[in-house]
Amino acid sequence: MRKIKLSRRGVLGGLTGLAVVSAVPLVATNAFADSATKKHKRDVPKPDIFSCDDWGARPANGTPVKVNNGTNKIIVHHTAFPNTTDHSKDYAFQNSRDIQDLHMDQNGWMDTGQHFTNSQGGFITEGRHGSLDALLDGGYQIEGAHCVGQNDQAIGIENDGTFLDSDQPSQEQWNSLINFCAFICQQYKLASSEIYGHMDFNSTQCPGNIHDRLPELRDAVQKVLDGSRHHHG
Ligand SMILES: [Zn+2]
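Residues numbered from 1 in each chain as written. Predicted model: local features only at pLDDT ≥ 70, side-chain atom pairs only at ≥ 80, totals over all residues.

Peer 1: How would you sum up the overall build of the protein chain? Please name residues and give values.
Peer 2: Within the protein chain one finds eight helices and eight strands. The 233 residues of the protein chain split such that 35% are buried. When contacts within the protein chain are restricted to residue pairs at least 6 apart in sequence, those whose partners lie at least 24 apart make up 76%. (Helix = DSSP H or I, 4+ residues; strand = E, 2+ residues; numbered from the N terminus. Buried ≥ 20, exposed ≤ 12 C-beta atoms within 10 Å, placed from the backbone. Contact = placed C-beta atoms within 7 Å.)

This is the structure we're talking about:
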């Protein structure tokens with residue numbers, strides 16, 4: 001939506017003398033778009049997302065930056081931490097603290113790099129401060145540090161574990177990833193095709209075997225989006 005508005009403004013700016021004439025069809029286009037949105041309103045349920053306060057994050061070293069460049073994709077990662085059989089919420093919270101410590105103390109970043117973390121138990125936690133409020137708003141995002149070149153336009157999800165060799169995400173983690181991606185697509189008005197893996201942009205093995213399963217993930221997310229469509233009239 002933002003991009004369309006910006007380009008419309010550009011068109012109007014370039015055709016100053018015709019602004020009054022061209023404004024008429026533009027208004028009509030807006031009205032049509034609004035009614036189409038209402039007709040196919042999506043209502044993907046918000047999954048439980050535990051905030052930085054919930055898991056006991058340290059304060060960020062500075063103020064996370066809000067960016068409004070047009071969030072256009074989701075990028076999935078694996079943490080490359082050891083795989084665990086502990087699927088508890090306590091583990092997810094401890095893991096979120098460990099990641100934040102690593103990113104701040106070892107990497108020297110202001111805060112956790114990714115926007116969200118998905119534990120092997122399927123618990124979703126907020127990463128960088130402000131990412132949850134941004135997601136609920138849908139009109140902006142927090143600048144992350146998870147994928148070079150994409151941090152101001154992609155939502156980064158770290159899936160806890162190392163998915164190399166024959167290791168795969170747990171079923172809880174996979175199901176959680178599907179529902180969470182669907183919710184993100186709804187909030188930022190993304191197509192399910194706009195879900196990528198870290199290795200699509202940077203030289204890395206991340207997200208391991210999840211990358212081979214991106215087509216399956218996109219299809220599953222699309223099914224959630226389709227199932228949430230309400231038809232009025
Ligand atoms: Zn990655």
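Peer 1: Outline the environment of isoleucine 155, supporting the account with residue identities and numerical values.
Peer 2: Turning to its location among the elements, isoleucine 155 is positioned in strand β7 (residues 154–159). Sequence separation of isoleucine 155 and isoleucine 74 is 81 residues, and the distance between their C-alpha atoms is 4.8 Å. Once residues lying within four places of it in the same chain are set aside, the contact partners of isoleucine 155 are Thr71, Ile74, His115, Gln141 and Ile184.

Peer 1: Quick one: what's the story with helix α4 (residues 89–106), residue by residue and with numbers?
Peer 2: Compared with the 26 Å implied by 1.5 Å per residue over 18 residues, the 25 Å span of α4 between its first and last C-alpha is a close match. Those residues of α4 lying buried are Ala92, Asn95, Ser96, Ile99, Gln100 and His103. Buried residues of α4, viewed axially, fall in a sector of 135°; they line one side. Exposed and oriented more than 90 degrees from the buried face of α4 are Asp90, Asp101, Asp105 and Gln106. Glycine 108 lies just past α4 and shows a positive phi near 75°. (Expected span 1.5 Å × (residues − 1). Arc of directions from axis to C-beta.)

Peer 1: Go over the sheet that holds strand β4 (residues 116–118) with me, naming the residues and quoting the values.
Peer 2: Taken in spatial order, the six strands line up as β1-β5-β4-β7-β3-β8 in an open sheet, and their pairing is mixed. With one partner strand each, in any of the chains shown, β1 (49–50) and β8 (195–197) form the two edges of the open sheet. (Pairing = 2+ DSSP bridges.)

Peer 1: Run through the pairing of strand β3 (residues 73–78), naming residues and quoting values.
Peer 2: Across the six residues that make up β3, a large majority, six, are buried. Sheet topology note: the β3/β7 ladder contains six bridges and is parallel. Note that in β7 the partner of histidine 78 across the bridge is asparagine 159. Pairing analysis gives three bridges linking β3 to β8, with the strands arranged parallel.

Peer 1: A description of the packing of helix α6 (residues 171–188) against helix α8 (residues 214–227) should follow, citing residues and the corresponding values.
Peer 2: With their axes 9 Å apart at the nearest point, α6 and α8 run at an angle of 60° to one another. The orientation of α6 relative to α8 falls into the category oblique. The handedness of the crossing between α6 and α8 is right-handed. Residues Leu177, Ile178, Asn179, Cys181, Ala182 and Cys185 of α6 form the contact with α8, whose own contacting residues are Leu217, Ala220, Val221, Val224 and Leu225. (Axes fitted to C-alpha atoms, helices over the stretch in contact; angles between N-to-C directions. Parallel < 35°, antiparallel > 145°, perpendicular 65-115°, else oblique. Left-handed = near helix turned anticlockwise from the far one by under 90°.)

Peer 1: Can you tell me about the pairing of β7, naming the residues and giving the values?
Peer 2: Among the six residues of β7, six are classified as buried, and the element is accordingly described as predominantly covered. Of the two faces of β7, the one carrying Ala154, Gly156 and Glu158 and the one carrying Ile155, Ile157 and Asn159 are both buried. Summarising the sheet, β4 and β7 pair through three bridges and their orientation is parallel. Of the residues in β7, the one forming a bridge with asparagine 118 is asparagine 159.

Peer 1: Quick one: what's the story with the nonpolar core, residue by residue and with numbers?
Peer 2: Counting 31 residues, the largest nonpolar core has Ile74, Phe180, Cys181, Ala182, Ile184, Cys185 and Val221 as its most contacted members. Elements with a contribution of two residues or more to this core: β3, α5 (131–137), β7, α6 and α8. The contacts of isoleucine 184, once residues within four sequence positions are left out, are Ile74, Leu135, Ile155 and Leu190. (Core = buried A, V, L, I, M, F, W, Y, C linked by C-beta atoms within 7 Å.)

Peer 1: Please provide a residue-by-residue account of α8, values included.
Peer 2: An ideal rise of 1.5 Å per residue puts 20 Å on 14 residues; α8 measures up with 20 Å between its terminal C-alpha atoms. Within the sequence span of α8, burial applies to Leu217, Arg218, Val221 and Val224. Down the axis of α8, the smallest arc covering the buried residues is 120°, so these residues share one side. Counted as exposed and oriented over 90 degrees from the buried face of α8: Pro215, Glu216, Asp219, Asp226 and Gly227. Of the surrounding secondary structure, the elements contacted by the buried residues of α8 are α6 and β8.

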